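Read off the chains here:
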Amino acid sequence: MSNSITERLTISSQPSVDDISKLPSLGFKALINLRPDGEEGAPGNHAERNAASDAGLAYHFIPVTMSSITEADVEAFRTATSGPEPVFAHCRTGTRALTLHVLGEVLEGNMQVGEVLAFGEQHGADLSAAVAWLQKRAAQRPQVKGFFDPRTWSVQYVVSDPDTGKCAIIDAVLDYDEKSGQTSTENADRILAYVAAKNLTIEWILDTHPHADHFSAAHYLHGKTGAPTAIGDHVVDVQTLWKGLYNWPELQADGSQWNRLFKPGDTFKLGSIDAKVMFSPGHTLASITYVIGDAAFVHDTIFMPDSGSARADFPGGSARILWKSIEALMALPDDTRIFTGHDYQPGGRAPRWESTVAEQKSANAHIAGMTEQSFVSVREARDRTLPMPKLILHALQVNIRGGRLPEPEANGRRYLKIPLNALEGAAW
């Protein structure tokens, strides 16, 4: 049964594959599937994707349950339904689709929380779960806004204290195209625009580690805002390692490129919210986790439950040490929100970046039921098949200097230095 919600959005219970083939004749241009693979009675992502392709429909896979909806899912649904052409969205009964729609309307200011239940009744659905979701979000400290960068699969964050309006920017991306050598501040400027629109004050510019797959925008953001930059104090170990690989004797390997170096266990404030630093090595020598209120920013330690864990074969990495870091994260309270730094969209689903410790312990294939040795075996076997990130040699020389590009040479141009055969044994 279908239900027209707006001129462009129709929601429905589960259609058959034959029903999907008929959608273009009814004027629809896109199909949104909200049912996780394996859910009883669902044809599955693969079957629906093929049916949509055969029918000439755009296809969006946003697998959610009522208990697992995150702001990333709301954003993905809103993006998929924001165009001018008619969209057909379905779950098992249509309630999840209607829930995502109203959550987006409230977050965009187009609907008040007090209007949600009546809107649901109008369309034959109980939206009390949507009201509960909005009330829980309003009470959360901190509030977290994720910004996904599809070029690097990275998630950047603005983390804010609703009581004071103070915020931190975590792991911002400086855009770089390795094919043309062009750089851009599009991602960072998008973050600054959000901060301005929400009337936030930037208190910190934070990185979790020197990234191997994108440039850090920390230096650019510091120049634009004056806010202090920070990273973990073991960055000096990474600087020392890469100073040798780049044959860079003049590099200051003392962490002086940042305003503050956090030691393991250090505490700080984000507005009125207590924050602490956990040392989370394994992916790199310097990786740290920021625990701000009930939110932990783990970047390349664990990913979403359907994606497992981060690789541990970079120079200075260790799968065994990574397991110890994961164990420490899993010792946080079960309701701690986990925010990861990358999402590779398994199965072609929409980007996601928020989970909980409880969800990770029960559903992450690299955590649930694993021992240290089984994890190490799985992780090392996987890592042997992975080529190095395409930007690792480009990015590290920028990121071990806090996001500073190389200084201009006599002709005014900046040049990256790429060592040959420095990462011997890496898969091609």
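This structure is a prediction, so every number in the text was calculated from the model and none was measured. (Residues numbered from 1 in each chain as written. Predicted model: local features only at pLDDT ≥ 70, side-chain atom pairs only at ≥ 80, totals over all residues. Heavy atoms only, no water.)

**Digging into the sheet that holds strand 10 (residues 182-184)**
In a beta sheet, neighbouring strands pair by backbone hydrogen bonds and run either parallel or antiparallel.
Here is step 1: Reading across the sheet, the three strands line up as 10-9-12 and stay open at both edges, with antiparallel pairing between neighbours. Each edge of the open sheet is held by one strand with a lone partner, namely strand 10 and strand 12 (215-216).
Here is step 2: Note: strand 9 (residues 173-177) against strand 12, two bridges, orientation antiparallel. Within strand 12, the residue paired with Val173 across the bridge is Ser216. (Pairing = 2+ DSSP bridges. Helix = DSSP H or I, 4+ residues; strand = E, 2+ residues; numbered from the N terminus.)

**Quick look at the packing of aromatic side chains**
Here is step 1: In this structure the tally under the stated criterion is 16 aromatic pairs.
Here is step 2: Both rings, one in Trp204 and one in Phe262, keep their centres 5.6 Å apart while their planes meet at 50°; by these two values the pair is tilted. With Trp204 in strand 11 (residues 201-206) and Phe262 in strand 14 (residues 260-262), this pair connects stretches of sequence that are 58 residues apart. By the burial criterion, Trp204 is buried, and Phe262 matches it.
Here is step 3: Considering the side-chain rings of Trp323 and Phe375, the 5.1 Å spacing of their centres and the 35° angle between planes classify their relative orientation as tilted. (Phe/Tyr/Trp six-rings, centres within 6.5 Å; stacked < 30°, edge-to-face > 60°. Buried < 20%, exposed > 50% of the residue type's maximum accessible area, 1.4 Å probe, protein only.)

**Regarding the layout of surface pockets**
Here is step 1: As a volume, the second largest pocket reaches approximately 660 Å³.
Here is step 2: What lines the second largest pocket is a set of 27 residues, and nearest its centre among them are Trp153, Asp213, Arg311, Tyr344 and Pro389.
Here is step 3: Only strand 9 and helix 12 (372-383) provide two or more residues apiece to the lining of the second largest pocket.
Here is step 4: Here the lining of the second largest pocket is composed, by residue class, of 11 nonpolar, six polar and 10 charged. (1 Å grid on protein atoms, 1.4 Å probe; cavity = no way out; pocket = protein on both sides within 12 Å on 5 of 7 lines; lining within 4 Å. Points joined across faces, edges and corners; volume = space filled by probe spheres on them. Nonpolar A, V, L, I, M, F, W, Y, C, P; charged D, E, K, R; others polar.)

**Things to note about the nonpolar core**
Here is step 1: One finds Ile32, Leu34, Ile62, Phe77 and Val116 to be the most contacted residues of the largest nonpolar core, which totals 32 residues.
Here is step 2: Of all the elements in the fold, those that place two or more residues in this core are strand 2 (9-12), strand 3 (30-33), helix 3 (71-80), strand 5 (87-90), helix 4 (95-107), helix 5 (116-122) and helix 6 (128-139).
Here is step 3: Looking at this core element by element, the count peaks at six residues for helix 4.
Here is step 4: For Val116, the residues in contact, after removing those within four places along its chain, are Val102, Val106, Met111, Leu127, Ala130, Val131 and Leu134.
Here is step 5: One finds Val155, Ala168, Ile288 and Trp353 within the second-largest nonpolar core, a separate group that totals 24 residues. (Core = buried A, V, L, I, M, F, W, Y, C linked by side-chain atoms within 4.5 Å. Contact = heavy atoms within 4.5 Å.)

**Side note on the UniProt feature "domain: Metallo-beta-lactamase" (unreviewed entry) in the chain**
Here is step 1: Sequence positions flagged by UniProt for "domain: Metallo-beta-lactamase" (unreviewed entry) are, in local numbering, residues 153-342.
Here is step 2: Between the C-alpha atoms that bound residues 153-342 the distance is 5 Å, and the span itself is 23% helix and 32% strand. (UniProt positions renumbered as here; feature names shortened; annotations may be inferred.)

**A closer look at unusual backbone geometry**
Here is step 1: Following Arg141, the chain continues to Pro142 via a peptide bond in cis, the omega torsion being 5°.
Here is step 2: Locating Pro142 in the fold gives a position in the loop between helix 6 and strand 6 (143-149).
Here is step 3: The phi angle at Trp153 is positive, at roughly 60°, despite the residue not being glycine.
Here is step 4: Secondary-structure assignment places Trp153 in the loop between strand 6 and strand 7 (154-160).
Here is step 5: We note that Asp171 has phi near 60°; this positive angle belongs to a residue other than glycine.
Here is step 6: By the element assignment, Asp171 lies in the loop between strand 8 (166-170) and strand 9.
Here is step 7: Judged by relative accessible area, which is 2%, Asp171 ranks as buried.

**Some details on the sheet that holds strand 18 (residues 295-299)**
Here is step 1: Read across the sheet, six strands follow the order 15-16-17-18-19-20 without closing on themselves; strand pairing throughout is mixed. Edge positions in the open sheet fall to strand 15 (267-270) and strand 20 (354-356), since each of these has one partner strand only. Strand-to-strand twist in this sheet, taken as the mean axis angle between neighbours without regard to direction, amounts to 30°.
Here is step 2: Relative to strand 20, strand 19 (residues 337-340) runs antiparallel, the two sharing three bridges. Paired with Phe339 across the strands is Glu354, a residue of strand 20. (Axes fitted to C-alpha atoms, helices over the stretch in contact; angles between N-to-C directions.)

**Quick word on the side chain of Arg311**
Here is step 1: Here Arg311 lies in the loop between strand 18 and helix 10 (319-330).
Here is step 2: Among the polar contacts listed, one links the side chain of Arg311 to the backbone oxygen of Pro387, at a separation of 2.9 Å. (Polar contact = N/O pair within 3.5 Å; in protein donor to acceptor, adjacent residues only side chain to side chain.)

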